[in-house]
Amino acid sequence: MEAFGRSQGQPKTAKIVLIVIFVTLVFLTIIPAFYPLLGYPLYLLKASSPKPSPATAFDSREGELRSSIRISEGEDCDIFSGEWVPNHNAPYYTNTTCWAIHEHQNCMKYGRPDTEFMKWKWKPDGCELPVLNPAQFLEIVRGKSLAFVGDSVGRNQMQSLICLLSRVEYPIDVSYTPDERFKRWTYTTYNFTIAYFWTPHLVKSEEREDNRGPTQTGLFNLYLDEFDERWTTQIEEFDYLIISGGHWFYRPSVFYENHRIVGCHFCLLENVTDLTKFYGYRKAFRTAFKAINSLENFKGITILRTFAPPHFENGLWNRGGNCVRTKPFRSNETALDGDNMEFYMIQIEEFKTAERDGKKKGKKYRLMDTTQASLLRPDGHPSRYGHWAHENVTLYNDCVHWCLPGPIDTWNDFLLQMLKMEGLRSHKEMLLSGDRRMRF
């Protein structure tokens with residue numbers, strides 16, 4: 001130090017001190033403004049433990065694709081891989097405290113005798129997944145909007161979210177139409193809006209009035225290369241979009257492309273080739289993602305909620321199948337296979353293509369992988385407890401939707417964690433951007 005002399009060292013030291021003070025002031029000023037999404041306090045975020053997650057019951061093909069899709073860069077813990085563990089603090093609402101539960105998922109009202117299915121939580125391999133904190137969630141989404149796009153399982157998740165948030169506030173109905181398939185709700189204190197857009201096939205579709213189909217559950221025309229404008233024209237204003245679908249593709253359908261019939265799924269129409277439900281499913285997701293990527297003014301984040309397997313046993317859904325188990329599976333007791341695996345893989349493959357194409361246009365895609373957690377919960381469905389036993393109604397045992405309260409509440413635990421990680425990602429991007437500016 002003596003070699004540089006006092007006259008040069010003191011001014012240089014003072015300059016360094018001033019730079020450090022300036023950078024510190026900038027850092028402290030901009031983090032509260034920009035940290036997760038909406039000025040969410042940094043000190044409330046609890047980072048997950050970065051331990052590697054062990055192998056799951058999924059096969060290597062799925063693992064290779066999924067390994068590159070994380071909810072946050074730099075996080076080794078995959079919150080979507082794990083086991084169900086007892087949670088004696090649950091449930092966090094009941095059918096008497098939440099009015100948002102759909103009648104067909106109101107299992108306790110209609111006499112389900114067991115209650116243990118409500119008392120589990122998801123434990124990821126290598127880290128913890130906090131149960132949704134409603135005040136924390138609403139603070140993160142203050143001033144934002146969230147749309148659920150898909151079928152009635154998507155509505156099932158939205159109603160779960162309303163119930164979980166009801167401990168803090170109920171929303172008010174601000175729907176533009178009395179049509180129950182297109183609802184909007186606003187949390188006035190937080191200026192947070194949620195919406196539901198009914199689109200069971202994700203693309204333009206209609207039921208053929210002249211034919212109930214081979215299964216007597218309807219025969220549908222699916223226009224696989226045409227947008228369903230009932231939702232594609234409405235989503236540009238939303239900050240988050242959760243898209244999902246699957247179960248309606250089991251129903252007999254006729255596939256159209258370029259305004260002509262190209263095939264079908266189990267339509268049994270003369271001179272129409274059966275291309276299987278997987279053809280329609282892939283094309284539908286491809287078109288739905290194409291619609292999102294074509295929206296110039298959509299600046300939100302698209303979240304794919306992956307396929308949740310049904311749990312029919314001892315028969316098909318329309319042939320007496322039922323779900324009567326009362327406990328979750330362990331991950332080594334079952335595996336994703338057959339139709340469930342194919343639906344899942346199609347989603348992942350189309351998601352990755354859409355993500356790659358969308359990135360060129362500034363679009364953001366994230367994956368909410370609910371498949372494994374859902375696969376392990378055969379006990380969480382309404383079965384016959386979606387109506388009174390004495391009612392004269394034609395309803396199949398429901399092993400597709402989820403009782404509320406129930407396992408589907410965990411999907412919203414995933415959602416909150418993803419929003420937190422999105423905040424971390426934005427924070428990192430902001431710091432990197434600031435670092436680049438300082439270098440120049």
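The structure reproduced in this document is the subject of the present report. Note that the structure is predicted; figures quoted are calculated from it, not measured.

1. Comments concerning the nonpolar core
Here is step 1 of the chain: Within the largest apolar cluster, 91 residues are counted, with the highest numbers of intra-cluster contacts made by Phe137 and Phe192.
Here is step 2 of the chain: Sorting elements by how many residues they give to this core places helix H8 (residues 338-359) first, with 8 residues.
Here is step 3 of the chain: If sequence neighbours within four positions are ignored, Phe137 has contacts with Leu132, Leu161, Leu165, Phe192, Leu415, Leu416 and Leu419.
Here is step 4 of the chain: Among the nonpolar cores identified, the runner-up in size contains 7 residues, and Leu219, Tyr256, Cys264 and Val272 belong to it.

2. Quick notes on helix H5 (residues 152-165)
Here is step 1 of the chain: For H5, with 14 residues, the first-to-last C-alpha span of 20 Å sits near the 20 Å given by 1.5 Å per residue.
Here is step 2 of the chain: Judged by how many residues are buried, H5 sits mostly within the fold: 14 of 14 residues are covered.

3. Remarks on the state of the cysteines
Here is step 1 of the chain: By the definition in use, this model includes 5 disulfides.
Here is step 2 of the chain: Note that Cys98 is cross-linked by a disulfide to Cys163, the S-S spacing being 2.0 Å. On the S-S bond that ties Cys98 to Cys163, the torsion sits near -80 degrees, and the link is left-handed. With Cys98 in the loop between strand E1 (82-86) and strand E2 (120-124) and Cys163 in helix H5, this pair connects stretches of sequence that are 65 residues apart.
Here is step 3 of the chain: Cys98 gets classed as buried once you look at its relative accessible area, which sits at 4%.
Here is step 4 of the chain: The cystine pairing of the chain, numbering bonded cysteines in sequence order, is 1-4, 2-5, 3-10, 6-7, 8-9.

4. Thoughts on the sheet that holds strand E7 (residues 203-207)
Here is step 1 of the chain: Taking strand neighbours across the sheet as the criterion, the 4 strands line up as E7-E8-E10-E11 in an open arrangement whose pairing is mixed. Edge positions in the sheet fall to E7 and strand E11 (260-265), since each of these pairs with one other strand and no more. Averaged over all adjacent pairs, the angle separating strand axes in this sheet is 25 degrees, with direction ignored.
Here is step 2 of the chain: Across 4 bridges, the pairing between strand E8 (residues 220-227) and strand E10 (residues 253-257) is parallel. The residue of E10 that forms the bridge with Phe220 is Ser253.
Here is step 3 of the chain: Helix H7 (residues 277-294) rests against E7, E8, E10 and E11 of the sheet, and its axis sits at about 35 degrees to E8.

5. Details of H7
Along an α-helix, a turn takes 3.6 residues, which lines up residues three or four apart on a common side.
Here is step 1 of the chain: Over its 18 residues, H7 extends 26 Å from the first C-alpha to the last, a length consistent with the 26 Å expected when each residue adds 1.5 Å.
Here is step 2 of the chain: Taken as a whole, H7 has its buried residues at Lys277, Gly280, Tyr281, Lys283, Ala284, Phe285, Thr287, Ala288, Phe289, Ala291, Ile292 and Asn293.

6. Here we look at the side chain of Asp78
Here is step 1 of the chain: Within the secondary structure, Asp78 is located in the loop between helix H3 (60-66) and E1.
Here is step 2 of the chain: Owing to a relative accessible area of 11%, Asp78 belongs among the buried residues under this scheme.
Here is step 3 of the chain: One polar contact links the side chain of Asp78 to the main-chain amide nitrogen of Phe80, over a distance of 3.0 Å.

7. Thoughts on the sheet that holds strand E4 (residues 172-173)
Here is step 1 of the chain: Taken together, 7 strands build an open sheet; the order of strands is E4-E5-E6-E3-E9-E12-E13 and the sheet is mixed. Here the strands that pair on one side only, and so sit at the sheet edges, are E4 and strand E13 (364-368).
Here is step 2 of the chain: Strand contacts of H8: strand E12 (301-305) and E13, with the helix running at about 160 degrees to E13, the strand carrying the most contacts.

8. As for the packing of aromatic side chains
Here is step 1 of the chain: Tallied over the full model, the rule gives 21 aromatic pairs.
Here is step 2 of the chain: Summarising the aromatic geometry, the rings of Phe137 and Phe192 are spaced 6.2 Å apart at their centres and angled 65 degrees between planes, so their arrangement reads as edge-to-face. Of this pair, Phe137 sits in helix H4 (residues 134-140) while Phe192 sits in strand E6 (residues 192-198), and the two are 55 residues apart along the sequence. By the burial criterion, Phe137 is buried, and Phe192 matches it.

9. Notes on the packing of H7 against H8
Here is step 1 of the chain: Look at H7 against H8: their axes get within 10 Å of each other, and the N-to-C directions meet at 25 degrees. With respect to each other, H7 and H8 are oriented roughly parallel. By crossing handedness, the relation of H7 to H8 is classed as right-handed. Seen from H7, the contacting residues are Lys277, Phe278, Tyr281, Arg282, Phe285, Arg286, Phe289 and Asn293; seen from H8, they are Asp339, Glu342, Phe343, Ile346, Gln347, Glu349, Glu350, Phe351, Ala354, Asp357 and Gly358.
Here is step 2 of the chain: By residue class, the composition of the contact of H7 with H8 is 8 nonpolar, 3 polar and 8 charged.

10. Some thoughts on the pattern of salt bridges
Here is step 1 of the chain: Going through the model one piece at a time under the given rule, you end up with 20 salt bridges.
Here is step 2 of the chain: We note a salt bridge from Asp228 to Arg230, for which the minimum N-O separation is 3.0 Å.
Here is step 3 of the chain: Classification of Asp228 by relative accessible area gives buried; the value is 4%.
Here is step 4 of the chain: Taking the relative accessible area as the measure of exposure, Arg230 reaches 32% and is therefore partly exposed.
Here is step 5 of the chain: Of the charged contacts, one joins Arg325 and Glu313 as a salt bridge, the two residues approaching to 2.8 Å between their closest N and O atoms. One end of the pair, Arg325, is in the loop between E12 and H8; the other, Glu313, is in the loop between E12 and H8, and 12 residues separate them in sequence.

11. Some remarks on the pairing of E10
A regular strand places its side chains so that they alternate between the two faces of the sheet.
Here is step 1 of the chain: The buried fraction of E10 amounts to 5 of the 5 residues, a majority that puts the element mostly inside the structure.
Here is step 2 of the chain: The alternating pattern of E10 places Ser253, Phe255 and Glu257 on one face and Val254 and Tyr256 on the opposite face, and all of these are buried.
Here is step 3 of the chain: Taken together, the 5 bridges between E10 and E11 define a ladder with antiparallel strand orientation. What sits directly across from Glu257, in E11, is Arg260.
Here is step 4 of the chain: In this structure, the hairpin formed by E10 and E11 is closed by a connection of 2 residues, where Asn258 is found at a positive phi of approximately 55 degrees.

12. Focus: unusual backbone geometry
Here is step 1 of the chain: Of note, the amide linkage connecting Ala90 to Pro91 takes the cis form, showing an omega dihedral of 0 degrees.
Here is step 2 of the chain: Tracing the chain through its elements places Pro91 in the loop between E1 and E2.
Here is step 3 of the chain: With a phi close to 55 degrees, Ser383 is a non-glycine residue in the positive phi region.
Here is step 4 of the chain: Looking at the secondary structure, you find Ser383 in the loop between helix H9 (371-375) and helix H10 (409-439).

Rules behind the numbers
Residues numbered from 1 in each chain as written. Predicted model: local features only at pLDDT ≥ 70, side-chain atom pairs only at ≥ 80, totals over all residues. Heavy atoms only, no water. Core = buried A, V, L, I, M, F, W, Y, C linked by side-chain atoms within 4.5 Å. Buried < 20%, exposed > 50% of the residue type's maximum accessible area, 1.4 Å probe, protein only. Helix = DSSP H or I, 4+ residues; strand = E, 2+ residues; numbered from the N terminus. Contact = heavy atoms within 4.5 Å. Expected span 1.5 Å × (residues − 1). Disulfide = S-S within 2.5 Å. Pairing = 2+ DSSP bridges. Axes fitted to C-alpha atoms, helices over the stretch in contact; angles between N-to-C directions. Polar contact = N/O pair within 3.5 Å; in protein donor to acceptor, adjacent residues only side chain to side chain. Phe/Tyr/Trp six-rings, centres within 6.5 Å; stacked < 30°, edge-to-face > 60°. Parallel < 35°, antiparallel > 145°, perpendicular 65-115°, else oblique. Left-handed = near helix turned anticlockwise from the far one by under 90°. Nonpolar A, V, L, I, M, F, W, Y, C, P; charged D, E, K, R; others polar. Salt bridge = Lys/Arg side-chain N within 4 Å of Asp/Glu carboxyl O.

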